[in-house]
Amino acid sequence: MAVPLMKVILVTEYYYPHVGGVTEHVHHLARYLTRAGHQTRIITSHIPGAPRRPDVEAVEGFEVVRMGEGMPIQSNGSQARVTVGFGLAARMQDEIRGADIVHLQSPLFPMLPYLAIKAARRFDIPVVGTFHTNFAGSPLLDAFRPMLGRYVEGIDQCIGVSHTAIQSASPWVKAPFLMIPNGVDCESWGAGIPRPELSGLHNIVFLGRLDPRNDVDTLILAFRALHKRRQDVRLVIVGGGPERPMYEAQVPAELKDRVVFAGMQTDVAVRASYLASAALMAFTIRLAAHPITVLEGLAAGRPIVAYDIDGVRELVENGQEGYRVPIGDLSALVDGFEQVIADEPRRLRMCENARRRVEPFDWKHITARILRVYESLRSGAQPSASV
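Residues numbered from 1 in each chain as written. Predicted model: local features only at pLDDT ≥ 70, side-chain atom pairs only at ≥ 80, totals over all residues. Heavy atoms only, no water.

What's the story with the pairing of strand 7 (residues 127-131) in this structure? I'm lost.
Successive side chains on a regular strand alternate, one facing one side of the sheet and the next facing the other. Counting buried residues along strand 7, five of its five residues qualify, which places the element largely inside the surrounding structure. With burial as the criterion, each face of strand 7 is covered, one bearing Val127, Gly129 and Phe131 and the other bearing Val128 and Thr130. Inspection of the sheet shows strand 6 (residues 101-105) paired to strand 7 by four bridges, in the parallel sense. Pairing of histidine 103 across the sheet is with valine 128, part of strand 7. A crossover connection joins strand 6 to the parallel strand 7 through helix 3 (residues 112-123); in handedness this β-α-β unit is right-handed. (Buried < 20%, exposed > 50% of the residue type's maximum accessible area, 1.4 Å probe, protein only. Helix = DSSP H or I, 4+ residues; strand = E, 2+ residues; numbered from the N terminus. Pairing = 2+ DSSP bridges. Right-handed = clockwise from strand over helix to strand, strands pointing away.)

Set out below in structure tokens:
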């Protein structure tokens, strides 16, 4: 039976030009909800220092509403955002009024999710909250602990993108949890066109912000060690951040032409072109609940050499789609790179395994599961763990 068309509000502190996993999740969920005929609106903030965007704009058929300023805060080894500004509560009420579903992203982090919960309760709108991160021991959450209990009780249904995310968030909220993973646009990531300037060498591609928890310094050290073993390799770092000059300084002069800092790229076609040029994707992030970047690499049909963290274990089987190595283990990282590059038949098998592994995570499947949650809440029924 078809799901009745709905007006869905997605509330997030993270959206373009902020780059990261939550941004990708929200953007593609909005795209696929819109494709299914639902009226979709993203509520987010302006990003200080970025080119100013309109308060309201149409993006690929859905609406993006920006209010306040999303101030950056270092938390959990990465960059969080907290929206500040005048009149936010009244504006949130105006934007949410008349919605069928309010869907919060990373709802434990202030300020937009808190305002949205309060407004949704006023209008008796069902609230879904998706938890994306492993945030055990977050100082930011500890600071807001007294406020959390009052607000998160307004969430009717929680979704965790992985078992790790559920374990991390469940002590904070009483609402039931479902596990629905992140999605990926398999078609777009599988259609990348190799970049001519990256031909001729085996490229190791890293996609991600230049945050401390992403361990780019170890990645650079591993590449330096790999280059001593074989000279037909190149490291391509696709991402930006304030620590870029520090990482650039770690590259010795003789390797400046073998380490490419491509900067922050928000266009999927551009990022897919870097993966299409790769022999493998490196993932040296130390903490991730269900890494969208790994899904993107798999969708591009590339072997993954990644740190052995919970989120990666759910996606990459050793020797099948790539290799998992101990966190921070330089020699294991180098060995993983070389094993993929040196054995072309094995690498090609891993490419095919990657494409097969990621197919269940295509956004068309994930959106259908999320829509079943929405409809269950609208009908007053409690969704089951099988959605």
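That shown, we press on.
What's the story with the nonpolar core in this structure? I'm lost.
A general tendency of soluble globular proteins is for nonpolar side chains to be buried together. Counting residues in each nonpolar core, the largest one holds 63 residues, and the members touching the most others are Ile204, Ile237, Phe283, Val294 and Phe337. Not counting chain neighbours up to four residues away, the residues in contact with isoleucine 204 comprise Phe223, Leu226, Arg234, Leu235, Val236, Leu280, Ala282, Phe337 and Ile341. (Core = buried A, V, L, I, M, F, W, Y, C linked by side-chain atoms within 4.5 Å. Contact = heavy atoms within 4.5 Å.)

Please clarify how the side chain of threonine 12 should be interpreted in this entry.
Here threonine 12 lies in the loop between strand 1 (7-11) and helix 1 (21-35). The residues contacting threonine 12, other than those within four sequence positions of it, are Val22, Val26, Ile42, Ile43, Thr44, Gln105 and Leu112.

In this structure, what is going on with the sheet that holds strand 13 (residues 280-283)? I would like to understand it.
Two modes of strand pairing occur in sheets, parallel and antiparallel, and in both the strands are linked by backbone hydrogen bonds. On the basis of which strands lie adjacent, the open sheet formed by six strands has the order 12-11-10-13-14-15 and parallel pairing. Because the sheet does not close on itself, it has two edges, and the strands there are strand 12 (259-261) and strand 15 (322-325). Put simply, the sheet's adjacent strands are angled 20° from each other on average, direction ignored. Along the sheet face, helix 8 (residues 216-229) touches strand 10 (202-207), strand 11 (233-238), strand 12, strand 13 and strand 14 (304-307) and points at about 165° away from the line of strand 11. (Axes fitted to C-alpha atoms, helices over the stretch in contact; angles between N-to-C directions.)

Help me understand the pairing of strand 14, please; the structure alone is not making it clear to me.
Across three bridges, strand 13 lies against strand 14 in parallel orientation. Among the inter-strand pairings, phenylalanine 283 is bridged to a residue of strand 14, identified as alanine 306. Where the polypeptide runs from strand 13 across helix 11 (residues 292-299) and back to strand 14, its parallel neighbour, the crossover connection is right-handed. Relative to strand 15, strand 14 runs parallel, the two being bridged by four bridges. The residue of strand 15 that forms the bridge with alanine 306 is arginine 324.

Can you walk me through the packing of helix 11 against helix 14 (residues 344-358) in this structure?
Helix packing for two helices is described by the angle between their axes and how far apart those axes are. For the pair helix 11 and helix 14, interaxial distance at closest approach is 7 Å and the crossing angle is 120°. As judged from the angle between their axes, helix 11 and helix 14 are oblique. The residues of helix 14 that touch helix 11, namely those facing Leu295, Leu298 and Ala299, are Ala354, Arg355, Arg357 and Val358. Here the contact of helix 11 with helix 14 is composed, by residue class, of five nonpolar, no polar and two charged. (Parallel < 35°, antiparallel > 145°, perpendicular 65-115°, else oblique. Nonpolar A, V, L, I, M, F, W, Y, C, P; charged D, E, K, R; others polar.)

Help me out: how do you make sense of the pattern of salt bridges in this one?
It is possible for side chains bearing opposite charge to pair when their charged atoms get close. Counting across every chain of the model gives 28 salt bridges. Where aspartate 185 meets arginine 31, a salt bridge forms, and the shortest distance between an N and an O atom there is 2.9 Å. One end of the pair, aspartate 185, is in the loop between strand 9 (177-179) and helix 7 (186-189); the other, arginine 31, is in helix 1, with 154 residues separating them in the sequence. Accessibility assignment for this pair places aspartate 185 and arginine 31 in one class, buried. In this structure, arginine 97 engages aspartate 94 in a salt bridge whose closest nitrogen and oxygen atoms are separated by 3.4 Å. (Salt bridge = Lys/Arg side-chain N within 4 Å of Asp/Glu carboxyl O.)

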